[in-house]
Amino acid sequence: ADTGISQEEASQRMTQVGPNELSERGGRSPWRILWEQFTATMVLILLAAVVISALLGKWQEAVAILAVVVLFALLGFFQEYRAERAMAALRRLSVPNVRVRRNGTVQELSAHDIVPGDIVLLEAGNAVPADLRLIAAVNLRIQEAALTGDAAAIEKETGIMPLGELALGDRHNM
């Protein structure tokens with residue numbers, strides 16, 4: 001904790017685990033998103049109901065069900081398309097710089113360049129750049145709303161958690 005890992009060890013770990021960033025999934029095209037909306041199980045069931053209604057000569061019911069299917073698919077398309085665009089925008093956001101202790105000195109690095117084992121120094125107002133285990137903290141409260149949905153900041157501690165498999169949200173030393 002006093003010196004952190006060496007630069008050589010950090011380079012080796014970077015080679016093993018890669019940069020500290022979200023894995024990039026290939027984005028879906030708008031046409032694929034729309035296709036997936038019209039091939040969803042519920043939509044296919046409703047389309048079968050449209051065909052059956054049309055074969056029975058109940059045109060009003062067939063048109064009403066078809067209108068519901070189209071609205072359902074379009075609403076789903078717009079929601080998923082916006083979500084895809086929002087995720088792409090999040091990936092493009094600038095990556096913060098963090099203070100890390102390596103080789104006994106404090107260095108400022110891009111959050112992409114931190115590796116497992118780095119000693120990250122946080123101050124009030126800093127964004128937490130990665131999953132971390134706390135080794136020292138004073139009155140630390142973390143806003144985890146993006147992860148857990150809890151509006152209140154969570155009190156963190158450095159103590160060892162009880163043995164057993166705790167849910168991630170219950171690990172207050174991470």
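Criteria and thresholds
- Sequence positions are assigned chain by chain, starting from 1 and proceeding in written order.
- Given that the model is predicted, a residue must reach a pLDDT of at least 70 before its local features are reported, and side-chain atom pairs must reach 80 or more before they are shown or counted; all residues, however, enter totals for whole chains, interfaces and linings.
- To obtain the side-chain values, all non-hydrogen atoms of the structure were included, while hydrogens and water were left out.
- Secondary structure elements are defined from DSSP: runs of H or I of at least 4 residues count as helices, runs of E of at least 2 residues count as strands, and each element is numbered from the N terminus.
- In this treatment the radius of gyration is a C-alpha quantity, and the globule benchmark scales as 2.2 Å times the residue count to the 0.38 power.
- For each residue, the accessible area found with a 1.4 Å probe, counting protein chains only, is set against the maximum for its type, and the residue is called buried under 20%, exposed over 50%, and partly exposed in between.
- The span one expects for a helix is its residue count, reduced by one, times 1.5 Å.
- Each pair of strands is called paired provided DSSP finds at least two bridges between the two strands.
- For helices, the fitted line uses only the C-alpha atoms of the stretch in contact; every axis is such a line through C-alpha atoms, and the angle between N-to-C directions lies from 0 to 180 degrees.
- Within this document, salt bridges are pairs made up of a side-chain nitrogen of Lys or Arg and a carboxyl oxygen of Asp or Glu, the two lying within 4 Å of each other.

A. Region of interest: the overall build of the chain. Broken down by element type, the chain carries 5 helices and 5 strands. Its helices and strands taken in sequence order, the chain reads α-α-α-α-β-β-β-β-α-β from the N to the C terminus. Taking 16 Å as the expected radius of gyration for a compact globule of 174 residues, we find that the chain reaches 25 Å, considerably beyond that expectation. Its C-alpha atoms put the chain at 80 × 35 × 30 Å along the principal axes. When the 174 residues of the chain are sorted by exposure, 20% land in the buried category.

B. Representation of helix H3 (residues 41-55) within the structure. With 15 residues, H3 extends 21 Å between its outermost C-alpha atoms, agreeing within 8% with the 21 Å of an ideal straight helix rising 1.5 Å per residue. Positioned one or two residues after H3, Gly 57 has a phi angle of 80°, which is positive.

C. Up close: the sheet that holds strand S2 (residues 105-110). Here 3 strands make up an open sheet; going across it, the order is S2-S1-S3 and the pairing antiparallel. Each end of this open sheet is capped by a strand with a single partner; those strands are S2 and strand S3 (119-121). Adjacent strand axes in the sheet meet at a mean angle of 40° when their direction is disregarded. Across 3 bridges, strand S1 (residues 97-102) lies against S3 in antiparallel orientation.

D. Main features of unusual backbone geometry. You will see that Asn 103, though not glycine, has its phi angle at about 55°, which is positive. With respect to the element layout, Asn 103 can be found in the loop between S1 and S2. Unusually for a residue other than glycine, Asn 139 sits at a positive phi of about 50°. In this fold, Asn 139 is placed in the loop between S3 and strand S4 (141-142).

E. Focus on the pattern of salt bridges. Going through the model one piece at a time under the given rule, you end up with 5 salt bridges. Between Glu 123 and Arg 99 there is a salt bridge, with its nearest N and O atoms 2.5 Å apart. Placement of Glu 123 in the loop between S3 and S4 and of Arg 99 in strand S1 is noted, with a sequence separation of 24 residues between them. Owing to a relative accessible area of 31%, Arg 99 belongs among the partly exposed residues under this scheme. Note that Glu 155 and Arg 141 form a salt bridge whose closest N and O atoms lie 2.9 Å from each other. Of this pair, Glu 155 sits in strand S5 (residues 154-155) while Arg 141 sits in strand S4, and the two are 14 residues apart along the sequence. On the basis of relative accessible area, Glu 155 is assigned to the partly exposed category, the value being 39%. Given a relative accessible area of 48%, Arg 141 falls into the partly exposed group.

Note that every value here comes from positions in space, so none of it alone points to a role or purpose.
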